[in-house]
Each structure stands twice: as C-alpha cells, then as structure tokens.
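# Structural features, examined
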Amino acid sequence: MEGLKKDVIRHVVSSLGSDYASKSAYNYYNALALAVRDRLIDNWIKTQRSYYDEKAKRVYYLSLEYLPGKSLMNNLHCLGIYETARKAMSDLGFSLEDLAEQEWDAGLGNGGLGRLASCFLDSMATLGIPGYGYGIRYDYGIFHQVIEDGKQVEQADNWMRVGNPWAYERGQHLFPVRFFGEVKNWTDEYGRLRHTWTAGDTVLAMPCDMLVPGWDNHHVINMRLWSARSDVEFDLDFFNTGNYLGAVEEKIFDEKISKVLYPSDQIEEGRELRLKQQYFFVTATIQDILRRFRKKHQDMTELPQSVAIQLNDTHPAIAIAELMRILLDEDLLDWEVAWDICVSTFAYTNHTILPEALETWPVSLLERMLPRHMQIIYEINARFLREVERVARSEDCGQLCHRDLDHLKQRVSLIQERPIKSVRMAHLAIIGSHSVNGVAALHTELLKARVFDDFQRLYPQKINNKTNGVTPRRWLWSANQPLSRLIASHIGTGFVRNLDELTQLEPLAADPAFREAWRAAKLENKQRLQAYIKRKLMRELHTEHLFDVHIKRIHEYKRQVLNLLHVVTAYNRLRHGQAADFTPRTVFFGGKAAPSYFMAKRIIHAINAVAATVNADSRVNDKLQVVYLPNYCVSQAERVIPATELSEQISTAGMEASGTGNMKFALNGALTIGTWDGATIEMAQAIGPELLFIFGMREDELVSLRQHGYNPMLYYHGDEELREALDMLRSDAFSPGQHGLFAPLVDNLLHGGDRFFVLADYRQYLGAQQDVGRLYLDQEEWTRRSILNAARMGFFSSDRAISQYAREIWDVAPMAGLQNGKGA
Ligand code: RUG
C-alpha cells in the first residue's frame, strides 16, 4: 500500500505538475490511474513479447465501436489491488468511490454492439487468447443526453477534454491512409494485367493504445484505437502568402475523420464521412497486422495460420477489399491465391436482421473515394456470380432451382441496382469470410431461413451461432460488490473466472437465511441507487417499491411504448380505484434515441410526459412512480442493474438479435419479464421458463398474423383499457395545452400498421405484469427465483462465447501457462 501511495503522490507532482498538498480529486484520480497503468504496462510488454516467442496465432477483433465505460475500478479488481487502493486513497484523504466518479465514460459506441466488443476483449485477456481490439479513438463519443422539458437534447461528449490517463498515444508510429486518386494498369513480366492505385489525398493514422488486463493472470492485451492526423502541418504556399488560416484548414479537415462517433443505432446514415472512417480504420489496422506478420513470415499464404480477423458487423467489411488490394497490387499474388487467403482469414458477425440496418454504399461514392476497391468488388462479384451459376446448375444443389437463376443472382449479388446502385456490405462480408455468425440461436436461425437463405443454400457450413455473453468481472464482481461478497462467502471466488460455478448456489435458494442475506444485498443496491437519484435528479425513491427497469437504446422494436401503455393502464386503474391489490412499483426508463430518429425521440418525450403526470398525482404516487434516467451509459448501468428486481426485455419476437442487458440483469438476480426473443429464449431454457415471466406472440405466430392481415384497430376496439390509454396519449391528458403532441405515436400504432405488434401483445403483457405484482408480495418465493436465475447464468459469460469463437472460428488456443488463469 505504501508503494501505491508513493506512486500516486509522485504522479501528482511529476506527471501532473501539481502540488500534492492541494488535494484535488481530479488530480488524485489521474495520478491513481497513472499508477495503475504503470502496473499494467510491464505485463503488457511481456504479453506482447510472448506472442512473438511462442509464434502465437493472433486474433484481431475489428469494431467501429467499443463501450469500455470507466476503467479504474475494473482495472483495480483485475490486478487484485482494489482493497489496497481503497486504503491507500483513504490514507490520502479520498474515498475511492468518489475518485472513480472523476473518470469520464469512454463512450465510443452506441449500445449493445460496442459493449459486446468490450466484454469480448475482457474475456480474451482473461482466457489468455492472443487478441487485439482495433477501433477508432473518437474525440467525441456517443452524445451526452439531457432531458429538457421532457425532450432529449444532445450535447457533445467531449470526453478527451480532461485527457485520458489510460492511453498511450504513439505519435512516432504513423500509418498513411489514402483516398480518391486513380488506378493505373500495367503488365507484369508474365504478361498479367496489374493495377496501381495512386491516391489523391493522404491522412495519417496514429495509434492510441489502451491496455486491457485479464483477471488476475498477468495477461494484458491491447485495444488499439486510431486517431486521424494530418500529413501536412501547414501548407507552405499558403503560409508564404500570409494566409495562415488557409494553411491550417487542410489539417483540420483531415483530422475530422476521427472527430465523432456516428450516433445511429440500427439506422444506417450512409454519409461520406462515415465511409471515410471505415476505410481509415480498416487500412491502418490491416497495415499494422501485416507489419507484425511480416516480422516473422515472408510467405503471405501463411497468413491464415497466423492471423484471424473478426469483423464486428459489416462496418469494417471493406477490409476484405483492402486485403485483396494489398495481396494483388503490392504482393503481386494471383487472384485465386489472394482470395483463398482472404476467405480463410476473415470471419463476420452479424448483429441484426432489421433491413434498415443492413449497410449499403453507393457505387458512385466508392468509385470516387476508393476506386481500386470498387474494381476489386466488381471482380469479386463477377467471380462469385459465376460460381453461383455453377453451383445452381450442379446436381448436388438440392433446393436451388436453376430456372430461377437470374433472380437468385440478383438477390445474392454484391451490387444492388435500386433505389441507387450500391454495394451490399453484408454480401461482401459473407462471401469474403469463412464464417458468418449470428449472436443468439433464434437470430442465427432467422439468418439461415430468411435474411441470408440463399447464402445458406450456397454455403451450408458457413452460417453458425455464437450466442453472446457478458463479462462477470465488470457486470457482477465490480458492479455488485454486496452480492459478489455474499456469493463468495458461500462458494468462493472461482465464479468470477468460471461463471458455471454459480450453480453451487442452487441448494442455497432453499435456505431462508441465505435468502434473507440475498435480499439484504439487493436492498443495499437499491439504497445506493436511491442516493444516486437523489443526488442527480433530486428525487426520492421508495426502496420498498418493486424496481422495474427498462434501459436500452430507444427503438420502436424494443417497445418502450408497450411498457408505457402498461404504466398508463396501471395509472388509470389506480385513479379509478380499480387496483386495490396493486403492488407498489417504480418504473425506470433510460436510453438514448438516435438524433435523427423522430419516433424514438417522441417516445422519450411521451415517457417523460406520463412520468410528470403520474408522479404529480397524489392519488397514485405512493404506489406508482416513473423515473427517466437521463444519459444512460455503461457506468449508469453498473449502478442500476444491481438494484433492479424486474428486467424488461419486451422486444417484438424475432427483432432483437440477442440482447446482452437481459443477461446482466439476470446475473444480478433480477427476474425477467420478456418475450420469446433473442438470447432471452436461451436464458429461459437455461433457467427454466417458469422462473421468468414470458409472454407474447412468438416469431412464427407473428409471421402468420402478418400474412393473414394484422389489424391493430381490432385490438383497439376490442379492449377498453387499451383504448382508454391510447386515447389519453392522443389527447392532451399528458401534454396539457399541446393537443396531439403524441398523436404520431398512436397513429403509427393504429393507422401505420403497428409494425412491431405492440397492440397484439398488450393484453398478454398486462397479464404477465399482474403475475409479477402478485409474486413480489411473496418475498420468499421471489428471492428463491432470483437466486436460481443468477445461479443458472453460467452459460452467458463472454468467456464461454470467446472460447467458442476461439475453437470453432479462429482456431486459436490460449497462451500456454494461462489456460488455468495464473500467468507465468
Ligand atoms: O441490437 C443488437 C443486440 O440485439 C445485440 O445484443 C448486440 C450485440 O450483438 O448488437 C445490437 N446491435 C445490432 N447493435 N447494432 C446492430 C446493428 O448494426
């Protein structure tokens, strides 16, 4: 402890240039972070060296998004120095918890996809997999959400303003990134046509490394994030003519590439700068990967034995064309050889079946910005379509009908002709990869049967499932110390590394004393949340209420509106005196809406309007409260999830690819009210469906309902309570003086086809909520189920997911000496 204290003081003085006696929390947080980083860097260097020494096959995880959140607590726990740090900082006059608050969330992602990437890096580090995360170091992460007059207002997330003590910026290792320009043809000595791309503009990519430690194993992996730097400090011509601003303009323009994260989620914006970001990140990453590979290899055909590249969604899919370009134009390999290398190296994870989220890029844009890549994509397509023809005509192509060949070719082509001629990035990713995986069992089945059915017939082995998982280090141990300590006191701490060990809790569910202790841990977390809400929102929570929580991105398919209709119905019952047996509850909502997503923003407004009415109504507000948690982010989730008793996972069946919040809640002992969707299905199967509140129509039932003509008006006319709730929303009951403010929401349901079947599931949802209320009154039974939920979550560890990727996709083994946890 004395060593840590000394290091902290030294950093306050020599790294931060401050007086250690000034006792600024900001300085002491930074100094502590630097002292922790010092303890990571040696192991990071040793880890990187060991990869070379052991000629390890490396995994590169390419993701345009990460959501690490805050690093301090997690890193202290991983290093096993949490208690030491707590005492050291207390000696120095600080509470560790307060210091941790000084850190800004690294919000370099939109939601589940980015958080999954961060969980995966944590698991690679813990399992000893030689892995690297690659991404972009956005200067501005996901916007900061404030709620003003009930509406979302976006503010810039200037997370770098106060510096980032965790990152090493490596200004000496810059990689050139080229755009635009032209392609020249030439003939090589064997008479083969070759191509050289002479680019118009060049930008530089600077690596910023953030260290990701494993759990108690000395294995520290790297998350390398690229930051754009101009290759001109200033233009001398301008400078000489006295035009200083002109001289720096180009520099500012170039550095714009990594300025800001695109805040869309499941809605592709298709903007030129976004494509620039994708290529910027991909080419710098591929250059870095090949630089490392070439240190030990001359023969490029050995690449797939040494390197596995996982594409997190289609965002980095242009990497396939980029690697082909390098192999063809720089290494001068033949097409077939280069293509084999690519396909054997790349693997692609799909995260959605929503058509509006499947990326396409206009051919005209690609031709201008990346002319050589567009040529390569055309060539990949031509060869692929010839192959499709061959397979379709072959005897063994069971279901493929060659009479339908033209249609088939149009459907699978990399190029879509309408509405504008574009490249389908998902098709590029599928064709250029040896593995395509979905993220939960149902999602993968839908990929095979619906979205990519043609590809499933063409390549029956390619599409596979890897159900998502979450890291128990952050989402149980670090976020929920009261519960973790209780668990550890009964079954030891092995569960942090091997989550299956939680099954040892099962017999304890029958022990009243253990149940009481379990409830006490939950209460402690509820009180902690109460204090937080009081501080942030100046609201008093009732901790004896059932805490019912719906936090995730705001999207129509996630059906926050269904939850809101339940709230309005409960409100009506209470004020009409029809709810004598109502179990008091506080309903929490939280989440960000994409700034361009009108309906999602209106949903936020409606939730806040209903909250204002309900909370102000003294007839009901001792029994029903609604809280909107502004600026939902990783660190907020770490506070809210441990305090949650009911987890809302109510997406339209078939629409949520997996969900990972669902796993975090159950792991922390919340019971789930949910639809038969995403990974909630597998959770119900692992836990026992009777221990969750499952309701609603299933995916195949919805398909058939749609086919037979779904008429939401029938539900409206046939259900008095539903009608009352919708009419209130449409009128000014929640928006005094602003008649019709929420009419777009209601009209969308009643006259817009209710694409997400809110009305079809309303009555069943109400029934399930009634079951929830009833069960909550029986605290012994509730607690028993809560314990069993947590005890059966072992499968949903990201360690299990990463082990499957490593074995079944990457063919990568953990580093010797690390399999059992402890490092050398
Ligand atoms: O919506 C999905 C979630 O269901 C899933 O759990 C998560 C991680 O796999 O990815 C989310 N997602 C999908 N985020 N962006 C997309 C589409 O690009």
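Residues numbered from 1 in each chain as written. Predicted model: local features only at pLDDT ≥ 70, side-chain atom pairs only at ≥ 80, totals over all residues. Heavy atoms only, no water.

## Some details on the confidence of the model for the chain
Mean pLDDT over the chain stands at 95; residues scoring 70 or higher make up 96%. Across residues 819-824 the pLDDT falls below 50, and counting only partners more than four positions away or on other chains, this stretch makes twelve contacts in the model. (pLDDT = per-residue confidence, 0-100. Contact = heavy atoms within 4.5 Å.)

## Thoughts on the pairing of strand 20 (residues 546-551)
Counting buried positions over the six residues of strand 20 gives six, a clear majority of the element. The alternating pattern of strand 20 places L546, D548 and H550 and F547, V549 and I551 on opposite faces, both of which are buried. Of the pairings in the sheet, the one linking strand 20 to strand 21 (residues 585-590) comprises six bridges and is parallel in character. Bridging from a neighbouring strand, D548 pairs with V587 of strand 21. In this region the chain leaves strand 20, passes through helix 22 (residues 560-575) and returns to the parallel neighbour strand 21; the handedness of that crossover is right-handed. Here strand 20 pairs with strand 23 (residues 646-649) via two bridges, running parallel. Looking at the pairing, V549 lines up with S647 of strand 23. (Buried < 20%, exposed > 50% of the residue type's maximum accessible area, 1.4 Å probe, protein only. Helix = DSSP H or I, 4+ residues; strand = E, 2+ residues; numbered from the N terminus. Pairing = 2+ DSSP bridges. Right-handed = clockwise from strand over helix to strand, strands pointing away.)

## Looking at the packing of aromatic side chains
Considering all chains together, one arrives at 26 aromatic pairs under this definition. Here F175 and W226 contribute two aromatic rings whose centre-to-centre distance is 5.4 Å and whose plane-to-plane angle is 85°, an arrangement assigned as edge-to-face. You can see F175 sitting in strand 8 (residues 175-179) and its partner W226 sitting in strand 12 (residues 220-230), a full 51 residues away along the chain. When its relative accessible area of 10% is taken as the criterion, F175 is described as buried. When the ring of F179 is compared with that of F180, the centres are 6.3 Å apart and the planes differ by 50°; the resulting orientation is tilted. Across the pair, exposure class does not vary: F179 and F180 are buried alike. Among the aromatic residues, those joined into a cluster by ring pairs are Y51, Y60, Y132, Y134, F175 and W226. The ring centre of Y459 lies 4.1 Å from the NZ or CZ of K462, which sits over that ring. The side chain of R800 reaches across the aromatic face of F795, ending 3.8 Å from its centre. (Phe/Tyr/Trp six-rings, centres within 6.5 Å; stacked < 30°, edge-to-face > 60°. Lys NZ or Arg CZ within 6 Å of the ring centre and 35° of its normal.)

## Some words on the nonpolar core
One finds F179, F280 and W810 to be the most contacted residues of the largest nonpolar core, which totals 145 residues. A per-element tally of this core places helix 9 (residues 272-296) first, with ten residues. When sequence neighbours within four positions are dropped, the list of residues in contact with F280 reads I136, V177, F179, L204, A205, W226, S227, A228, I257 and S258. Counting 68 residues, the second largest nonpolar core, distinct from the first, contains V610, Y710, Y716 and L759. (Core = buried A, V, L, I, M, F, W, Y, C linked by side-chain atoms within 4.5 Å.)

## Description of the domain arrangement of the chain
Interfaces are often sized by the accessible area lost when the parts come together. Under the domain assignment used here, the chain contains domain 1 (54-70 + 105-171 + 207-226 + 270-467) and domain 2 (539-783). At the junction of the two partners, domain 1 supplies 34 residues and domain 2 supplies 34 residues. Broken down residue by residue, the surface that domain 1 buries against domain 2 is led by Q145, L354 and L442, which jointly contribute 22%. Summed over the shared surface of domain 1 and domain 2, the number is three salt bridges. The partner of E154 in a salt bridge is K601, and the shortest N-O contact between them spans 2.8 Å. Of all the elements in the fold, those that place two or more residues in the side of domain 1 that touches domain 2 are strand 2 (66-69), helix 6 (112-127), strand 5 (144-148), strand 6 (151-155) and helix 17 (441-451). The element best represented in the side of domain 1 that touches domain 2 is helix 17, accounting for five residues. Split into classes, the residues belonging to the side of domain 1 that touches domain 2 amount to 14 nonpolar, twelve polar and eight charged. (Domains from an automatic or database assignment. Buried area = accessible area lost by both parts, 1.4 Å probe. Salt bridge = Lys/Arg side-chain N within 4 Å of Asp/Glu carboxyl O. Nonpolar A, V, L, I, M, F, W, Y, C, P; charged D, E, K, R; others polar.)

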